[in-house]
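Secondary and tertiary structure notes
Chain by chain, the residues:
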Amino acid sequence: MKAIELEKAYNPKDFEDRIYAEWAEQGHFRPHSDADSPVHGHKKGSGITYTVVIPPPNVTGVLHMGHALNNTLQDVVVRYHRMRGDNTLWVPGTDHAGIATQNVVERALKKEGKSRKDLGREAFLERTWAVKADHHAHIVRQQKKLGNSVDWSRERFTMDEGLSRAVRDVFVTLYERGLMYKGQYLVNWCPRCGTALADDEVDHIDTAGAMYHLYYEFADGSGKIEVATTRPETFFGDTAVAVNPDDERYKHLVGKTLKLPLTGKEIPIIADSYVDKEFGTGMVKITPAHDPNDWEVGKRHGLEIVNLLNPDGTLNENVPEKYRGLSCEKARALVVADLEAAGLFKGEEKLTHSVGHCYRCKTVVEPYLSFQWFVRMRPLADKALKAWRDGDIVFYPRKWENTYAHWMENIRDWCISRQLWWGHRIPVWYCKDCGETVAAREDPAKCPKCGAGADRLEQDPDVLDTWFSSWLWPFSTLGWPEQTADVAAFYPTSALVTAYDIIFFWVSRMVMAGLEFTGKAPFHDIYIHGLVRDKQGRKMSKSLGNGIDPLDVIEQYGSDALKFTLSFLCAQGQDILIDNESFKMGSRFCNKVWNASRYILGNLEGRTLIPVADGDLTELDRWVYAALDKAVRDARSALDGYRYNDAASAVYEFFWNGFCDWYVEATKLSFRNGDEREKDRAVSVLLNVLEESLRLLHPFIPFVTEEIYGKLPLALIVDNRRQAGAQRVLPNDEHTSLLVNAPYPVARDDRADETVASRFAAVQDVVRAVRGLRNECGFDPAAKIRVAVNIVPGSDAEACREKTEMICLLAGLSAVDFVDAKPASSIGTVGTGFEAFILIDETVNREQLLARFRKDLEKTGAEAARTEAKLNGKFAEHAPAELVAAEREKLAEARRRMATLESYIAAL
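Reading the values: the criteria
Residues numbered from 1 in each chain as written. Predicted model: local features only at pLDDT ≥ 70, side-chain atom pairs only at ≥ 80, totals over all residues. Heavy atoms only, no water. Helix = DSSP H or I, 4+ residues; strand = E, 2+ residues; numbered from the N terminus. Buried < 20%, exposed > 50% of the residue type's maximum accessible area, 1.4 Å probe, protein only. Contact = heavy atoms within 4.5 Å. Areas by Shrake-Rupley, 256 points an atom, 1.4 Å probe, with all protein chains shown as cover. Lys, Arg positive; Asp, Glu negative; His and termini not counted. Charge placed at Lys NZ, Arg CZ, Asp CG, Glu CD. Axes fitted to C-alpha atoms, helices over the stretch in contact; angles between N-to-C directions. Parallel < 35°, antiparallel > 145°, perpendicular 65-115°, else oblique. Nonpolar A, V, L, I, M, F, W, Y, C, P; charged D, E, K, R; others polar. Pairing = 2+ DSSP bridges. 1 Å grid on protein atoms, 1.4 Å probe; cavity = no way out; pocket = protein on both sides within 12 Å on 5 of 7 lines; lining within 4 Å. Points joined across faces, edges and corners; volume = space filled by probe spheres on them. Polar contact = N/O pair within 3.5 Å; in protein donor to acceptor, adjacent residues only side chain to side chain. Core = buried A, V, L, I, M, F, W, Y, C linked by side-chain atoms within 4.5 Å. Phe/Tyr/Trp six-rings, centres within 6.5 Å; stacked < 30°, edge-to-face > 60°. Lys NZ or Arg CZ within 6 Å of the ring centre and 35° of its normal.

1. Here we look at the overall build of the protein
A tally of regular secondary structure across the protein gives 28 helices and 29 strands. By its C-alpha atoms, the protein is 115 × 80 × 55 Å across when sized along the principal axes. The 908 residues of the protein split such that 55% are buried. Across the protein, the fraction of contacts at a sequence separation of at least 24, relative to all contacts at a separation of at least 6, is 77%. On the protein, roughly 39,000 Å² of surface is accessible, and the fraction owed to carbon and sulfur atoms is 49%. Looking at the protein, you have 115 positive and 132 negative side-chain charges, and the mean spots of the two groups are 1 Å apart.

2. Description of the environment of Glu 835
Considering the arrangement of structural elements, one finds Glu 835 in strand β29 (residues 834-839). Each C-alpha atom, one on Glu 835 and one on Asn 790, is 5.1 Å from the other, the two residues being 45 residues apart in sequence. Setting aside anything within four residues of it in sequence, one finds Glu 835 in contact with Ala 788, Val 789, Asn 790, Thr 829 and Val 830.

3. Some points on the packing of helix α1 (residues 16-25) against helix α22 (residues 702-709)
Contact geometry of α1 with α22 gives a least axis separation of 10 Å together with a crossing angle of 80 degrees. What the angle tells us is that α1 and α22 run roughly perpendicular. In this structure, α1 contributes Glu 16, Arg 18, Ile 19, Tyr 20 and Trp 23 to the contact, and α22 contributes Pro 702, Phe 703, Glu 706 and Glu 707. Of the residues in the contact of α1 with α22, the class split is 5 nonpolar, no polar and 4 charged.

4. A few points about the sheet that holds strand β20 (residues 457-459)
Each strand in a sheet pairs with its neighbour through backbone hydrogen bonds, running either in the same direction (parallel) or in the opposite one (antiparallel). Read from one edge to the other, the open sheet built from 3 strands follows the order β19-β18-β20, with strand pairing classed as antiparallel. Edge positions in the sheet fall to β19 (437-439) and β20, since each of these pairs with one other strand and no more. With strand direction ignored, the average angle separating the axes of adjacent strands in the sheet is 30 degrees. Of the strand pairs in this sheet, strand β18 (residues 428-431) and β19 are connected by 3 bridges, and their pairing is antiparallel. Directly across from Tyr 430, in β19, lies its bridge partner Thr 437. Along the sheet face, helix α6 (residues 161-176) touches β18 and β19 and points at about 130 degrees away from the line of β19.

5. Comments concerning helix α16 (residues 559-569)
Buried residues dominate α16, accounting for 9 of its 11 residues. Turning to α16, its buried residues number three or more, namely Ser 559, Asp 560, Ala 561, Leu 562, Lys 563, Phe 564, Thr 565, Leu 566 and Ser 567.

6. Here's the deal with empty space enclosed by the protein
All told, the structure shown has 4 cavities of 30 Å³ or more when counted by the stated rule. One number sums up the size of the largest cavity: a volume of about 50 Å³. If you tally residues by element for the lining of the largest cavity, the top one is helix α24 (residues 754-777), at 4 residues. Among the residues forming the lining of the largest cavity, the class breakdown is 7 nonpolar, no polar and 3 charged.

7. Observations regarding the side chain of His 213
Position of His 213 relative to the elements: it lies in strand β7 (residues 202-218). With a relative accessible area of 14%, His 213 lands in the buried category. In this structure the side chain of His 213 is engaged in a polar contact, spanning 2.9 Å, whose partner is the side chain of Glu 226. Within polar-contact distance, the side chain of His 213 engages the side chain of Glu 349 at 2.7 Å.

8. Structural notes on the sheet that holds strand β14 (residues 366-375)
On the basis of which strands lie adjacent, the open sheet formed by 4 strands has the order β6-β5-β14-β16 and antiparallel pairing. Looking along the sheet, the strands with just one partner apiece sit at the ends: β6 (195-197) and β16 (414-415). Two elements, β14 and β16, share 2 bridges in a ladder whose sense is antiparallel. Across the sheet, the residue bridging to Val 375 is Trp 414, located in β16.

9. Points about the nonpolar core
Met 65, Phe 654, Phe 655 and Phe 659 are the most contacted members of the largest nonpolar core, which has 147 residues in total. The element that contributes the greatest number of residues to this core is helix α19 (residues 644-666), accounting for 12 residues. When sequence neighbours within four positions are dropped, the list of residues in contact with Phe 655 reads Phe 589, Lys 592, Val 593, Ala 596, Cys 660, Leu 690, Ser 693 and Leu 697. Membership of the second largest hydrophobic core comes to 73 residues, among which are Val 365, Trp 407, Met 512 and Ile 528.

10. Concerning the packing of aromatic side chains
All chains considered together, the criterion is met by 51 aromatic pairs. The interplanar angle of 80 degrees and the centroid separation of 6.1 Å between the aromatic rings of Trp 471 and Phe 517 together place this pair among those described as edge-to-face. With Trp 471 in the loop between α11 (467-470) and α12 (473-476) and Phe 517 in helix α14 (residues 503-518), the pair connects residues that are 46 residues apart, well separated along the chain. Neither Trp 471 nor Phe 517 differs from the other in exposure class; each is buried. One aromatic cluster in this structure is built from Phe 171, Tyr 175, Trp 373, Trp 414, Phe 468, Trp 471, Phe 475, Trp 480, Tyr 491 and Phe 517. Positioned above the aromatic ring of Trp 421, the side-chain terminus of Arg 116 is 4.8 Å from the ring centre. A cation sits over an aromatic face here: Lys 224 above Tyr 215, 4.1 Å from the ring centre.

These figures come from the coordinates and say nothing about function on their own.
Set out below in structure tokens:
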């Protein structure tokens, strides 16, 4: 047959886009149960369904390296399960991202000198939908560049018609079950976004501030007390000062009144156990409308609730006129100056304290009194805890179970209303005639209580928290609340792959929603991966300028290089530290796969592929099949347990080291010395191993493996396998011409051969030992040298007697002599079951070699002396134990090296 040509250089730009289009257009990402799947009715399935829903990226965002990691990990397991024969579905989609998207549009309007109120609600929403469409198209292009094997025919958006129906149904169901309520409560408020935030949407950041000490005078003029606060501008909202009821210092003061500074108001001194009598003066000002703890104290004592803030964060009409309309920061400086002038300011202490910030715009969050909608979470959380304890959900790694349990056990009601325009409008109407509150799945035509028409019903202006739609994602994307074929076939889903920073936001809520509305946990496996950080361990961010654009990496190295590098570095429970140089590793591996395949396919010229039965395999062939079998077992085990780095390491080690560096190199003997039949046999086995190796590698580097796979003489390979009685590899050749749907390799007990593995390992040890000696001596790699080997009788190294040609080829030798003792004029090394010696004959420059060893000995001796002096000094007394141990090992290694060099010099 003719040689098959691959381009000389690996260039992923030549084929990645073309291959992705072919996969997608032919429907290879659809589950094989779909009638229009190219393998429907042809592929023998496993009987298992494997479903993953993608964590939907914000539709106005840009995919960053964290997305690349998350999508890569999903793609690896999805491709693996598809190749296993599982009926596999990966659902794509995007999130409407309420606050984030509205901010994008409002910033654009601000540049035009406009606000959303200038446009009005309907016009603003039209503009937001247009922005959504533009950003969505960009995200889809990025995901395709990454190679995501998602079923695009099932793509969803959290505000599409179906998901919007699901959101309404869930809201009304919770309302009907008494798990939804509206009330006036203290909430987290973002003045910049103009909306309430849930507790887990507040980022607490250490911020420079001060503790301000103020005096409050008794109303009867009998003296004054001292209180302290970090927010002196909020004292206008004080409605009491509290002391601990057990504090003997102040028991006599309970019930007395104080004059509120700078106002004409009086407030009482009350007793409440909330006060820590050991902290500060033991007196605490109570501002119920602006502190969560004070809110609880106020409720217990029936205190007046005085809200000081406008929605934009400025002070309102409940403060003296001179402070109205000021921001808190400006009012603070003015209040302190006025208190000082009044003799009521003692002083301030600088401090750093934790201050809540909006997770989106980073504005300081204010405790704010307003009417909001809440979900009662305790009943839902109890079910979710039980599901975890019963083993219905399993975390990988297990350490995240503690985080999940802690959050569930300490859960608070969820504030779900947002004062935004972009999002799911709350499906509640208020009757203007009778005041009835109507929660409905469809827009009501009339008031169910008084019969007033739709024109007398006013819909709640607020929208729902973004997470209120995404907590339904695993089942709403499949068509719920309708009982669709997809819900029946693919729910519950199999696995969730996500980062640890949204366990609270999303993972826990999805479990609660799944159990509450479907009666089932939404997934079984929860794989929590780390974050991508720079080499210094810092989170990647715009402000630090340390982010890496995945598309830049793909442009430079290709998608496969990015995917393999991230998989290889992704160890369970650890963050990934990378820079742009890191991706050279994945690029080098893809190059190796390309070049090895190019060599094998180039050797087909004039050859005939033949069936190779098990009896025709050489010991070398049996060794490579055993190594391949181990790689298959290791990769499958690791992928089943979401140990991505272990799986990537297994396939990397086999292909680069086992297959390329040992097997492919050793088979050159067959092409150099074998007859035509042997050459045909050798190339047939090489192609068999290459074909199976490509299937093994495909989930990690799908593009380059698909490109090479398409060049293979596949029909001949499969036909010869069948004739040889080998394992079923491709059940229907005509339907697996693309690797994406070819079967993943399976482990075979008949391939495991410990004897062959041990014998070849001994040969490898000898070759490595000789290569090491050559390197020690600084011999030209092209120079052919002579070695002697002393074999321990009965050891595995006896195999070397049969493999002299292979050893000469792999170690660059002219000859191997087998001896019973160390030859004269030789330097050697010891391995398991053997001693190997390089013979120092007339072809070796003895003086040059002696000079090399003496120089190395002098250098190593100097290093040993410095280390010994360090250990004999104060270092050993004061340094950490692990550093001292490392220095001692360094000294021991130097001494071992010196002994070796001295033996070489003595031998010469």
